[in-house]
Structure formats: C-alpha cells, structure tokens
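# Examining the three-dimensional arrangement
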Amino acid sequence: MKKTMLIAVCFLLLLAGIGRAELSNELPRVNYERAKVIEAEKLNLNKTVDAALQETSQRTKVLVQSGRLKGKTLFLEHIASGGMMGANMRLTAGDRVLLYVEENPTKAESPDGAPLVQIDDYLRDTPLLWLTLSYGILLLIIGGKKGFNSLISLALTILTIFFVLFPLILWGFNPLLVSIVISGIISLLVLRIVGGRTVKALSAAVGTLIGVAIAGLLVILVGKIIHLSGLSSEESKMLMYSLNLKIDFQGLLFSGILIGALGAMMDVGMSIASATEEVRKHHPNATFTNLFNAGMNVGRDIMGTMSNTLILAYTGSALPLLLLFIAGNMPFAKVVNMELVAEEIARALAGSIGLVLCIPATALVSAALYTRHQRAGSPLPEGWLRRIGK
C-alpha cells in the first residue's frame, strides 16, 4: 500500500506539472531577475500634501545579477512615488531589487525589439530565507526527532498545496471538493508523520476530518443563504477578468475557509489525543468515561484560546479595512452587510465551530480506541492499518 500511495502522489505531481506548463504557455514570456542599485538619483521632496500626491520618477543605474542579462549595467527610469494610492519605493545605492524583464515586447513598447526592463520591487527573499532557516533550526534543537518530523510534514503540506491543490483548481475542478480531499490527505499524512502509527495519530486525524467536514457544510449552507459570490476581493476580480480563468469563485471562497482552519483543527485534534494517551499511560485501568472526560477537560481549556486564534488572525488581516470603516464613521448595518465583511465573519465563525466540534469528536474516538483495542503508546495492529489504507 505504501507503493500505491507513492505512485498516486507522483501521478498528482506529474499532472500538476503538466497543468502549470500549459498555463505558462498561455502567458507572455516574462522573467524576474535580481539586480543591485549602483546609483540612484536623490529625491528632495517637499513635505506638502500636494507634493506627496504627485508622481515622482527617479533615474537609476542597476547591475543585473541573474538571467540572460547578467553582468550588464542598465539605466532605468523608476517611479519612486505614485501618489496616495501608488508606489512608494525610493531607491538608494546598494539596494537590491527585482527586475521585470519582458523578453518579447510589442513594437509599440520596444521599437528595436530589446527586452523591456523595469524595476518591480525590493528583493526580500534572503532575509525571509534566514528566518525560515532559523525556524527549522529551532524545531530541530527543541523538538529533536519530532521537530524533524514536523519539518517533513510542513514540507509535504506546502508541496501538496502548491503543486496539487492550486493546479487542480486552475484546471477547473471544484475548489471546495478538491480542498476537502486535500485537507483529508494533509491531515492523514501530517498526523501520521508527527504521531506515528498509533491510536493517537488515528484519533487526531479522524477528529480533524470531522471538524473540517462540519466547517465545510456550515460554510456552504451559510454562504448560499447570505449570497456570498467570492468576488468581493480585488484578487478574485483579477483572476476572473484579467486572466479569464474558469473558476468557481464561490467554491474558491469556501475552499480558503477550510484550508485556513485546517491547521488549527489538526493542532486541537493532536492535543486532545495526546492528553488522552497520557491519561491512559498513567492509569491503564481508566474507563471510556474517564478518558473521554479527560479529553473534554483539556479541550475546554484549549477551546477559548484556539477560537481566539482564528478570530484574531482574521481580524488582523482585515485591520486596515476595519479602521477605514471606523474612521469613516460608517453605520454598523452597512458594514456587517458588506460582502467583504460578511465573508470574514463567515470564515471566522465556520472555522471556529468546526474547531470546537473537533474536540468532542477526537475525545470520543480516542477514548473508544484506547478502551477497546490499545494500551497507550503502542502501535496500531496490522488489521487497523489495512482498514485505514496503510
């Protein structure tokens, strides 16, 4: 069965690669290259409001450090300030930037056929890479073998989302159905890697899947009732109108809600299952009621903080929007009925309800399995493995 799972994953990755190649063939040939600013015109802007609203250009000299133009020095006109709603990127010598390079521009854009090059943004990948490495090192130092397993599970999660979930959605598959399947695969893989072949991992996975399923049903029901279209954000409108992709945007909205709540549900499921296992280790004669109550007591302590985690995460992401409403003294009735706000409320509450119901589900499953089949910490027998598709 291991070989079957490996072949299935490889096949999905192959399909995803083909899909990405097909999509890239439909887009203009554009590269993004690294560069370093050698010289940049100094800007002496007035501090008046009118000056801040004006578009300001900046002459720069950059050294290309990657791609076909590597080693060449280019003189570029850069928009350093584009007004209130525009850019605010004032370069100085030594800044590292990302260049937009269009290899096949139209004659109107480049009469001589030379590549069209513009400064796109600052280079931010190196500090982010160091931050990622710091996180990985801390996991290994503090977590040891379990920290290493956590890194493996995180890598698999990212690969599955980027190379399976995204391409399948772009192909036109129903985003919600794809997300439910991917959520199940991710939860089973992650909890199996982190928890091992144990009752703890199985019960945490089952509880997570129950919570995800309930959250999915809730968001579908509520989304239909309150007429959520999934097109309230600028990004969704760009996908629809600029790229002309055939996507179910309502399903995409529901998909994002499930994926956003999945991590918190796995956290809660594993916490409840681990607590039940510890009780079983120290009290081998504990009954089903004892184990279930222990899991529920731990779950009640987790419930408030984890629900706050989801609510605060969604509130934090929408903080500028909420401040805009308050500063504009917009009536509450108007704010709460806006689709963009209604989406965030539905996202937070559906995820939180699924998270809360994950607690009794995991406690029930783990208590039943430990009572009837297992002693704490022991691996699942082969019969159980065949039933869960090992």
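What you are looking at is a predicted structure, and each value in this text was computed from that prediction instead of being measured.

With that out of the way, let us pick up the overall build of the protein. Counting its regular elements, the protein contains twelve helices and five strands. Evaluated residue by residue, the protein yields a buried proportion of 37% over its 390 residues. Residue pairs at least 24 apart in sequence account for 70% of intrachain contacts in the protein once pairs closer than 6 positions are excluded. Split by element, the accessible area of the protein, about 22,800 Å² in all, is 64% carbon and sulfur.

Quick look at the pattern of salt bridges now. Evaluation of the coordinates by the stated rule reveals six salt bridges. Note that K281 is salt-bridged to E278, the shortest N-O span being 3.7 Å. Highlighted residues: K281 and E278, both in helix α7 (residues 249-282), separated by three residues, approximately one helical turn. Given a relative accessible area of 44%, K281 falls into the partly exposed group. With a relative accessible area of 37%, E278 lands in the partly exposed category.

For the rest of this paragraph, the subject is the side chain of S153. Here S153 is to be found in helix α3 (residues 125-171). Aside from chain neighbours lying at most four places away, what touches S153 is V190, I193 and V194.

Another aspect to go through is the environment of L76. In this structure, L76 sits in strand β3 (residues 73-82). It is 7.7 Å that separates the C-alpha atoms of L76 and I119, two residues lying 43 residues apart in sequence. The contact partners of L76, leaving out residues within four places of it in the chain, are Q58, R59, T60, V62, L99, V117 and I119.

A positive phi angle is found at H227, which is not glycine, with a value near 60°. As for its position among the elements, H227 is in the loop between α5 (199-225) and α6 (234-242).

Moving on to the confidence of the model for the protein. Counting all residues, the mean pLDDT for the protein is 78, and 80% of those residues have values of 70 or more. Contacts of residues 21-27 to residues separated by more than four positions or lying in other chains number two contacts, the stretch itself having pLDDT below 50. Throughout residues 381-390 the model reports pLDDT below 50, and contacts reaching past four residues in sequence, or to other chains, amount to 15 contacts.

With that out of the way, let us pick up the packing of aromatic side chains. Counted under the stated rule, the structure contains four aromatic pairs. Each ring, one from Y32 and one from Y100, has its centre 5.7 Å from the other, and the planes form 75°; the classification is edge-to-face. Residue Y32 is found in strand β1 (residues 30-40), and its partner Y100 is found in strand β4 (residues 96-102); the two are separated by 68 residues along the sequence. Residue class for Y32 comes out partly exposed when judged on its relative accessible area of 44%. An angle of 10° between the planes, with centres 6.1 Å apart, marks the rings of F288 and F292 as stacked.

An α-helical turn contains 3.6 residues, so a residue and the one three or four places further along point in the same direction. For α7, with 34 residues, the first-to-last C-alpha span of 50 Å sits near the 50 Å given by 1.5 Å per residue. Roughly 35° is the biggest bend found in α7, and it falls at L262. The N-capping residue of α7, defined by a side-chain oxygen 3.3 Å from the backbone nitrogen of Q250, is D248.

This part takes up the pairing of β4. With five of seven residues buried, β4 is to be regarded as a mostly interior element. Pairing geometry for β1 and β4, over seven bridges, is antiparallel. If you follow K36 over to β4, its bridge partner there is R96. Pairing of β4 with strand β5 (residues 116-122), which is carried by six bridges, proceeds in the antiparallel orientation. Along β5, the bridge assignment pairs L98 with D121.

Next up on the list: the packing of helix α8 (residues 288-317) against helix α11 (residues 339-372). Following both chains from N to C, one finds α8 and α11 inclined at 160°, their axes separated by 9 Å at the closest point. Classified by the interaxial angle, the pair formed by α8 and α11 is roughly antiparallel. Our pair here, α8 against α11, has a crossing hand that is right-handed. Within the contact of α8 with α11, the residues separate by chemical class into 19 nonpolar, seven polar and two charged.

It is at 8 Å that the axes of α7 and α11 come closest, and there the two elements cross at 30°. Classified by the interaxial angle, the pair formed by α7 and α11 is roughly parallel. Like other packed secondary-structure pairs, α7 and α11 cross with a definite hand, here right-handed. Classifying every residue of the contact of α7 with α11 by side-chain character gives 15 nonpolar, eight polar and four charged.

Turning next to the environment of N297. With respect to the helices and strands, N297 occurs in helix α8. What makes N297 partly exposed here is its relative accessible area of 43%. Sequence separation between N297 and A275 is 22 residues; the distance between their C-alpha atoms is 9.6 Å.

Okay, a nonpolar patch on the surface next. A surface patch of nonpolar side chains, about 940 Å² in accessible area, is lined by Y135, L140, F148, I152, L154, L156, I158, L159, F162, F163 and F166. Inspection of the secondary structure puts F163 in helix α3. Judged by its relative accessible area of 35%, F163 is partly exposed.

Criteria and cut-off values
Residues numbered from 1 in each chain as written. Predicted model: local features only at pLDDT ≥ 70, side-chain atom pairs only at ≥ 80, totals over all residues. Heavy atoms only, no water. Helix = DSSP H or I, 4+ residues; strand = E, 2+ residues; numbered from the N terminus. Buried < 20%, exposed > 50% of the residue type's maximum accessible area, 1.4 Å probe, protein only. Contact = heavy atoms within 4.5 Å. Areas by Shrake-Rupley, 256 points an atom, 1.4 Å probe, with all protein chains shown as cover. Salt bridge = Lys/Arg side-chain N within 4 Å of Asp/Glu carboxyl O. pLDDT = per-residue confidence, 0-100. Phe/Tyr/Trp six-rings, centres within 6.5 Å; stacked < 30°, edge-to-face > 60°. Expected span 1.5 Å × (residues − 1). Bend = angle between axes of the 7 residues up to and from the residue. Polar contact = N/O pair within 3.5 Å; in protein donor to acceptor, adjacent residues only side chain to side chain. Pairing = 2+ DSSP bridges. Axes fitted to C-alpha atoms, helices over the stretch in contact; angles between N-to-C directions. Parallel < 35°, antiparallel > 145°, perpendicular 65-115°, else oblique. Left-handed = near helix turned anticlockwise from the far one by under 90°. Nonpolar A, V, L, I, M, F, W, Y, C, P; charged D, E, K, R; others polar. Patch = residues over 30% accessible without salt bridge, like charges linked within 9 Å, V, L, I, M, F, W, Y side chains within 5 Å.

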